[in-house]
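# What the coordinates show
The residues making up each chain are set out below.
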Amino acid sequence: MSKTIQAVRGMKDILPAQMPYWHHLEDTIRHILESYAYQEIRPPLVEKTELFARSIGEVTDIVEKEMYTFADRNGDSLTLRPEGTASCVRAGIENGLFQKQIHRLWYKGPMFRHERPQKGRYRQFYQIGAEVYGVTTPDIDAEIIAMTARFWQQLGLKNIVLQLNSLGSIEARKTYREALVNYLSQHSLDEDSQRRLQSNPLRILDSKNPDMQTVIQGAPVLLDYLDEVSQAHFETLKSLLAALDIDYKINPRLVRGLDYYNRTVFEWMTTELGSQGTVCAGGRYDGLVEQIGGRATPAIGFAMGIERLIALLEQYQKTPSVQNPHIYITMVGDNTISYGLRISEFLRNALPQLRLEMNCGGGSFKSQFKRADKSGAQFAMILGEDEMNKQQVGLKFLRQTEQTQTKEQLNLSWDELVNYLSEFQY
RNA sequence: GUGAACGUAGCUCAGUCGGUAGAGUUCAGGAUUGUGACUCCUGUGGUCGCGGGUUCGAUCCCCGUCGUUCACCCCA
């Protein structure tokens, strides 16, 4: 034990028992994304550090203290991506995807942030995200939100609520920020808030400290500072959501942690995961492409935390179980192993859908049967010297279903076996 | 980064007011010389997270460290 190497802190193995949840979630989301005409993109996991510093914001926590940054052999500073949007934007610019075109992109994969691990928060965690480039109008905001709502509905997840806000234009946000800082500086703030006054004053509005609530109540409201265009954008979005019957709650204190957001921001939250309740979040970042060096291109996107969604799925247990083999092959007697191998390869040729598990590693006949039972297989195949000499197989039902009234063990030739199995409903 | 609780067999846990550990389960074998699920028997499996201190003696007490969990912070 003392010399064993453990996984690095905050990085977990996703074990076979969990895989059905992951597959189910990934498949469901991917099909929906495709039904909205999104196309997958897979940028590298590593980028130049500067990319994240410039997009996420120099003074954010992510960039200041949470990135896995290291020097490449040539001295370049590289970083394991802490989020997906920056890479997508970079890839889009580099490959000329945004030249007066509308692009709907999606990605999935691991992200890395050096945070203290906690429920729903890991140092390597998985996100699925989507982004749309080239659309200024709020129709796309509404479509994106409708699509995310469809995710939860399709996955059978309840109790996820939508919070919505508008940050206005970059200029409006700046004006508001000044007003807010001005107001807050005249009041006594707790330690965290004092720190945030410099870095991200809008965050102070989100403080959980009860002592801060009265100060927060009296603070100027962001929505009052919205420029006209942003206001109209927001109004249209709200009416579109109403037309789609999508419930939402305006949260004037909803600010995203990343600097690049403007106008629409939204968050899907649950109260069932402890303090990490945000399951999906996103918004507009109309200035980002230009900021990274591309031609000015409006954009909107979101990302969701897969571990958090899986945790919800597990609570509801709305998932198929692990894929058991259909047949477990047991063997006794001389030369029956090669007979078993030949039959199993023959069957895999004839019936590619079939899941076969060979008993490997020996063991008494009894223990082979125990393994067959444990494997969850529908059938045990028995291959002994008798069967081999007659070029047959024994097939025994291990489980009772409507289909298996015949509980008798069958003895079949190879061809009969293929016929029998091809008509069997699993 | 801050705080709290916890680290005993592959898994779930008990235990020793300080005298180097036990159950269930898993796995292997047997009762049933080629037939699982129930039952019974036997066996494998632990430097009690790691390092140091106190002590005749530490898994237990103390300190440190690593890890886990939860909360703060931050965020998906």
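A few points on the structure. Since the model is a prediction, treat every value here as computed from it, not as a measurement.

## As for the protein's contact with RNA strand B
Around RNA strand B, 54 residues are found, and the nearest of them are Arg196, Arg203, Arg256, Thr278 and Leu398. Of all RNA strand B atoms lying within 4 Å of any protein atom, the proportion belonging to sugar or phosphate reaches 59%. Taking Ser275, its side chain carries an N or O atom lying 2.9 Å from a phosphate oxygen of RNA strand B. A distance of 2.8 Å separates a base nitrogen of RNA strand B from a polar side-chain atom of Asp373. Elements that contribute at least two residues to the surface near RNA strand B include exactly strand 6 (124–133), helix 7 (191–199), strand 10 (278–284), strand 11 (299–305), helix 14 (365–375), helix 15 (385–389) and strand 15 (392–397). Of the residues forming the surface near RNA strand B, the biggest block, eight residues, is contributed by helix 14. For the surface near RNA strand B, the class distribution of residues is 13 nonpolar, 16 polar and 25 charged.

## Points about the packing of aromatic side chains
The description of an aromatic ring pair uses the distance of the two centres, along with the angle that the planes make with each other. All chains considered together, the criterion is met by 14 aromatic pairs. Where Tyr260 meets Tyr261, the ring centres are 5.0 Å apart and the plane angle is 50°; that geometry is what we call tilted. Members of the aromatic cluster, each reached through a chain of ring pairs, are Phe151, Trp152, Trp268 and Phe302.

## Remarks on helix 12 (residues 306–316)
Turn by turn, an α-helix covers 3.6 residues, leaving residues three or four places apart pointing in a common direction. Restricting attention to buried positions, one finds in helix 12 the residues Ile306, Glu307, Arg308, Leu309, Ile310, Leu312 and Leu313. On its buried face, helix 12 sits against helix 1 (19–35), strand 6, helix 5 (138–155), strand 10 and strand 11.

## Looking at the pattern of salt bridges
Summed over the entire model, instances satisfying the criterion amount to 15 salt bridges. Two residues, Arg90 and Glu47, come together in a salt bridge whose shortest N-O distance is 2.4 Å. Of this pair, Arg90 sits in helix 4 (residues 85–94) while Glu47 sits in strand 2 (residues 46–48); the two residues are 43 residues apart in sequence, bridging distant segments of the chain. With a closest N to O distance of 3.3 Å, Arg104 and Glu143 form a salt bridge. One end of the pair, Arg104, is in strand 5 (residues 103–112); the other, Glu143, is in helix 5, with 39 residues separating them in the sequence. Taking the relative accessible area as the measure of exposure, Glu143 reaches 25% and is therefore partly exposed. If you follow the salt bridges from partner to partner, you end up with Glu47, Arg90 and Glu94 in one network.

Conventions we followed
Residues numbered from 1 in each chain as written. Chains lettered and ligands numbered in written order. Predicted model: local features only at pLDDT ≥ 70, side-chain atom pairs only at ≥ 80, totals over all residues. Heavy atoms only, no water. Near = heavy atom within 4 Å. Polar contact = N/O pair within 3.5 Å; in protein donor to acceptor, adjacent residues only side chain to side chain. Helix = DSSP H or I, 4+ residues; strand = E, 2+ residues; numbered from the N terminus. Nonpolar A, V, L, I, M, F, W, Y, C, P; charged D, E, K, R; others polar. Phe/Tyr/Trp six-rings, centres within 6.5 Å; stacked < 30°, edge-to-face > 60°. Buried < 20%, exposed > 50% of the residue type's maximum accessible area, 1.4 Å probe, protein only. Contact = heavy atoms within 4.5 Å. Salt bridge = Lys/Arg side-chain N within 4 Å of Asp/Glu carboxyl O.

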